[in-house]
Amino acid sequence: MGDFRRMVEGPTLKLYNTMTRAKESFAPIDADNVRMYVCGPTVYDFAHIGNARPVIVFDVLFRLLRHLYGEEHVTYVRNITDVDDKINARALRDYPGQPLNEAIRAVTEKTEKQFQADVGALGCLEPTVQPRATDFVMPRADGKTDMKGLIQSLIDRGHAYVSTGEVLFDISSMADYGRLSNRRLEDQQAGARVAVDTHKKNPGDFVLWKQSDESEPGWDATFQVDGRDVTIRGRPGWHIECSAMSAAYLGETFDIHGGGLDLIFPHHENEIAQSRCAHGTPVMANVWMHNGFLQVEGRKMAKSEGNFVTINELLETETFGGRKWPGEVLRLAMLMTHYREPIDFSLKRLEEAEALLARWRRRAKRDASVRVSDRFLGAIADDLDFSEYFRLMSASDTSAEELFAAAELVGLDLSQLDTNIDVAAHIERRLSLIGQKNWAEADRIRDALLEQGIQLKDGKDPETGERVTTWEVMR
Ligand code: AMP
Ligand code: ZN
């Protein structure tokens, strides 16, 4: 059982809500089951460190919610998008000659495994459920919400229509379409830049279901439209999967929905339109949260920009700064900027995070009986603002045990030694420098290790009289 604590005892959680453009006190619909949905990865390729940002940000929120409401009282759903045209393209490229469905499965399974390993290395907890889109396309044996069923509801309620092999959402059928992104329907209709799409009623109408040709993955779906059956072998549009999977696990209305800033429009706007119109509800999620971009020289890190570093490259190879970086360094580097602000990613930032971790590790002491104090909770409960948290982490009146517990709260384990420091290799090199009487360089290695929280101790082998160096982690 988790540590069940009632929110009323703890600090008030405040979250910035993109929908209202204001910071609000968080009040869950049901404190026994706080429900959060975050849009997950499209599994066609390695995730880059920009993609890691929402994963880390919402992991911190998940941990905080678990702390405030009890581990058993928070449900976090993060989907796996395993149907997408980018996946098809990758399957054709990487597995030529193989049947498409097998090739697609090979791509998605391999990519998903990599994703789970990557985010695990960044210290992220597994969400409560990680549903795959392809399991929610057609009606299910367990009766959970599926995409085809939602689309049928939208047709039945007059929010969707069929046109040239597609089922489209009619944005003019929803009076307050565009509230999240602050777009008005008139603007979209007037927008001369929107290419005229003759098969759409409004330029902003979006696809719910699209026809697949023989070379594309497809499901045979029969929709009832105006009393007749319309069968389209097709695949779902991008937005409908999240409407289905969130309803399947969290219900028609839930507490928090999150993702990166780029998802506000069209993805989240259209999720809201679909869910509210299909269920006939005024609200899909009470709080909409969006993280800012991780940037490189002022530009969003993105596959299409070619300016990306994958999580795997950063952790496992020496492509960035000529060395490997531990997952917790990237995690801390991410938390050093407020989640709604842009991050300019740099080597300097990683080095700063690493030095900070080392400093904390030197001081922190694990004591399972010491719980994180309310001042740390209160600090980050203000819309995950870490500035006061960082101040407290360096404050002299923060005990070594409290420091450890406060780091643990946000998924940083201060007991772990940086496994990427190969101490033995450094010691060997230093001994050989001493042999060459290169004191300056030998001292530099000793000081650098000290900066990482590792202290070298020189001694003599009692039998041979040779110099031996041992090391220990400073506390
Ligand atoms: P995608 O695979 O592009 O759908 O992105 C997966 C998640 O990562 C979404 O929540 C995006 O908003 C987020 N994301 C993508 N690029 C960045 C970036 N450079 N910085 C922060 N978040 C990003
Ligand atoms: Zn989504």
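Residues numbered from 1 in each chain as written. Chains lettered and ligands numbered in written order. Predicted model: local features only at pLDDT ≥ 70, side-chain atom pairs only at ≥ 80, totals over all residues. Heavy atoms only, no water.

Trainee: Would you mind going over the pairing of strand β2 (residues 22-25) with me for this structure?
Mentor: Within a regular strand, the side chains alternate between the two sheet faces. With four bridges connecting them, strand β1 (residues 14-17) and β2 associate as antiparallel partners. Bridge assignment links Tyr16 to a residue of β2, and that residue is Lys23. Counted along the chain from β1 to the antiparallel partner β2, the turn is four residues long, and its residue Arg21 has a positive phi close to 55 degrees. (Pairing = 2+ DSSP bridges. Helix = DSSP H or I, 4+ residues; strand = E, 2+ residues; numbered from the N terminus.)

Trainee: Sorry, what's going on with the packing of aromatic side chains here?
Mentor: Any pair of aromatic rings gets described here by the distance separating the centres and the angle formed by the planes. Tallying each qualifying case throughout the model produces twelve aromatic pairs. Between Tyr37 and Phe254 the ring centres are 6.5 Å apart and the planes differ by 50 degrees, which places this aromatic pair in the tilted class. Placement of Tyr37 in strand β3 (residues 34-38) and of Phe254 in strand β10 (residues 254-260) is noted, with a sequence separation of 217 residues between them. One exposure class covers both Tyr37 and Phe254, and it is buried. When the ring of Tyr389 is compared with that of Phe390, the centres are 5.8 Å apart and the planes differ by 80 degrees; the resulting orientation is edge-to-face. (Phe/Tyr/Trp six-rings, centres within 6.5 Å; stacked < 30°, edge-to-face > 60°. Buried < 20%, exposed > 50% of the residue type's maximum accessible area, 1.4 Å probe, protein only.)

Trainee: Mind showing me how you'd approach the coordination of the zinc ion (ligand 2) here?
Mentor: Angles at a metal have ideal values that depend on geometry: 109.5 degrees with four tetrahedral donors, 90 or 180 degrees with six octahedral donors. In the first shell of the zinc ion (ligand 2), the protein supplies Cys39 (SG), Cys242 (SG), His267 (NE2) and Glu271 (OE), at 2.0 to 2.2 Å from the metal. Note that the zinc ion (ligand 2) binds four donor atoms; their angles at the metal cover 78 to 129 degrees, and the shape is irregular. Sequence spacing among the residues donating to the zinc ion (ligand 2) works out to C-x202-C-x24-H-x3-E. One end of the pair, Cys39, is in the loop between β3 and α1 (49-69); the other, His267, is in helix α7 (residues 264-279), with 228 residues separating them in the sequence. This pair shows no difference in class: Cys39 is buried, exactly as His267 is. (Donors = N, O, S within 2.8 Å, 3.2 Å for Na, K, Ca; no water. Tetrahedral: all angles 85-135°; square planar, octahedral: opposite > 155°, others 65-115°.)

Trainee: Looking at this structure, how should I read the domain arrangement of the protein?
Mentor: Much of the literature gives interface size as the accessible area that the parts lose upon coming together. Annotation of the protein at the domain level lists domain 1 (28-291), domain 2 (298-417) and domain 3 (421-475). Computed over C-alpha atoms, the centres of domain 2 and domain 3 are 28 Å apart. The interface formed by domain 2 and domain 3 holds zero salt bridges in total. Our count for the domain 2 to domain 3 interface comes out at zero residue pairs in polar contact (both at pLDDT 80 or more). Looking at the side of domain 2 that touches domain 3 residue by residue, the classes come out as five nonpolar, one polar and four charged. (Domains from an automatic or database assignment. Salt bridge = Lys/Arg side-chain N within 4 Å of Asp/Glu carboxyl O. Polar contact = N/O pair within 3.5 Å; in protein donor to acceptor, adjacent residues only side chain to side chain. Nonpolar A, V, L, I, M, F, W, Y, C, P; charged D, E, K, R; others polar.)

Trainee: Any chance you could explain the nonpolar core here in plain terms?
Mentor: Side chains that are nonpolar tend, in soluble globular proteins, to be buried together. Ranked by size, the top nonpolar core spans 73 residues in total, and within it Leu61, Leu65, Leu314, Trp360 and Tyr389 carry the most contacts. Taken domain by domain, this core gets at least three of its residues from each of domain 1 (28-291) and domain 2 (298-417). Beyond its immediate stretch of four places on either side in the chain, Leu61 contacts Leu13, Leu15, Met36, Ile256, Met289 and Leu384. Within the second largest apolar cluster, 45 residues are counted, among which are Leu263, Ile264, Ala278 and Trp288. (Core = buried A, V, L, I, M, F, W, Y, C linked by side-chain atoms within 4.5 Å. Contact = heavy atoms within 4.5 Å.)

Trainee: What is the right way to look at the site of ligand 1 in this model?
Mentor: Surrounding ligand 1, one finds 14 residues, the nearest of these being Gly50, Gly260, Asp262, Leu294 and Met301. One of the side-chain N or O atoms of Asp262 is found 2.4 Å from an oxygen atom in ligand 1. In the environment of ligand 1, a nitrogen atom lies 2.8 Å from a nitrogen or oxygen atom belonging to the backbone of Met301. For ligand 1, whose accessible area on its own is 480 Å², the fraction buried by protein is 84%. Elements with a contribution of two residues or more to the shell around ligand 1: α1 and β10. Per-element accounting of the shell around ligand 1 gives the leading share, three residues, to α1. Looking at the shell around ligand 1 residue by residue, the classes come out as five nonpolar, seven polar and two charged. (Near = heavy atom within 4 Å. Areas by Shrake-Rupley, 256 points an atom, 1.4 Å probe, with all protein chains shown as cover.)

Trainee: Explanation requested: the sheet that holds strand β4 (residues 74-78) in the structure shown.
Mentor: Each strand in a sheet pairs with its neighbour through backbone hydrogen bonds, running either in the same direction (parallel) or in the opposite one (antiparallel). Read across the open sheet, the four strands follow the order β4-β3-β10-β11; overall the sheet is parallel. The sheet is open, and its two borders are formed by β4 and β11 (285-291), each paired with just one other strand. Across this sheet, the average inter-strand angle for adjacent strands is 20 degrees, counted without regard to direction. The sheet strands contacting helix α6 (residues 240-250) are β3, β4 and β10, and the helix crosses β3 at an angle near 160 degrees. (Axes fitted to C-alpha atoms, helices over the stretch in contact; angles between N-to-C directions.)

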